Amino acid sequence: EILSPGTEEYDRVDKFTAYQSILTLEEYVLVYSESRQVEYFRKETARQWQKTLISGPEELLPLLREEVQ
C-alpha cells in the first residue's frame, strides 16, 4: 500500500486488519509517499506479524520469494 496523509490510518489499521483474515497472505508492505521509508510486515503465525522498518537507501526489502517450477 502507498501511504498518503489521507489514507494512512485506513491502510495501516482497517485495511491491514481485513487483510490479516486472508489465510494465504504472508507479507504486507506500507510505502510512505512523503519520505523514504517502508514498513514491511511478515506473518510469523496466524496472529503474529513481524515488522521491519526500512529507511536507508542501502537497505533491501526482504520479500519472500516463491520458487518457480
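Every residue gets a number counted from 1 within its own chain, in the order that chain's sequence is written. Since the coordinates come from a predicted model, pLDDT governs what is reported: local features require at least 70, and pairs of side-chain atoms require 80 or more to be given and counted, while whole-chain, interface and lining totals use all residues. By convention in this description, side-chain values take in all heavy atoms of the structure and omit both hydrogens and water.

Asks: Which parts of the structure should I look at to understand the nonpolar core?
Replies: Within soluble globular proteins, side chains that are nonpolar generally end up buried alongside one another. Grouping buried Ala, Val, Leu, Ile, Met, Phe, Trp, Tyr and Cys residues that are joined through side-chain atoms within 4.5 Å yields what is termed a nonpolar core. Type-normalised accessible area, obtained with a 1.4 Å probe on protein chains alone, sets the label of each residue: buried when under 20%, exposed when over 50%, and partly exposed for intermediate values. Within the largest apolar cluster, eight residues are counted, these being Leu3, Phe16, Leu25, Tyr28, Leu30, Tyr32, Phe41 and Trp49. Aside from chain neighbours lying at most four places away, what touches phenylalanine 41 is Phe16, Glu26, Glu27, Tyr28, Leu30, Trp49, Gln50 and Lys51. Any two residues whose heavy atoms approach within 4.5 Å at even a single point are treated as in contact.

Asks: Could you clarify how one ought to interpret the sheet that holds strand β2 (residues 27-32) in this entry?
Replies: As a general point, the strands of a sheet are linked pairwise by backbone hydrogen bonds and lie either parallel or antiparallel. In spatial order, the strands read β1-β2-β3-β4; together these four strands make up an open sheet with mixed pairing. Two strands lie at the open edges of the sheet, namely β1 (2-3) and β4 (48-54), each paired on one side alone. Angular values range over 0 to 180 degrees, each being the angle between N-to-C directions of two axes fitted as lines to C-alpha atoms, with helices fitted over their stretch in contact. The numbering of helices and of strands both runs from the N terminus, where a helix is a DSSP run of H or I of at least 4 residues and a strand a run of E of at least 2. Sheet strands touched by helix α1 (residues 8-19): β1, β2, β3 (38-45) and β4. Its angle to β2, the strand with the most contacts, is close to 175°. Should DSSP find at least two bridges between two strands, the strands are taken to pair.

Asks: Can you help me understand the side chain of glutamate 39 in this one?
Replies: Position of glutamate 39 relative to the elements: it lies in strand β3. Ignoring any residue separated from it by four or fewer positions in sequence, one finds glutamate 39 in contact with Arg12, Tyr28, Val29, Leu30, Tyr32, Lys51, Thr52 and Leu53.

Asks: Can you walk me through the pairing of β3 in this structure?
Replies: In regular strands, side chains alternate between the two faces of the sheet. Note that β2 and β3 share five bridges and pair antiparallel. Within the sheet, the bridge partner assigned to valine 29 lies in β3 and is tyrosine 40. Linking β2 to β3, which pair antiparallel, is a turn of five residues. Across seven bridges, the pairing between β3 and β4 is antiparallel. From the neighbouring strand, valine 38 faces β4, where its bridge partner is isoleucine 54. Counting the residues between successive antiparallel strands, the hairpin from β3 to β4 contains two residues.

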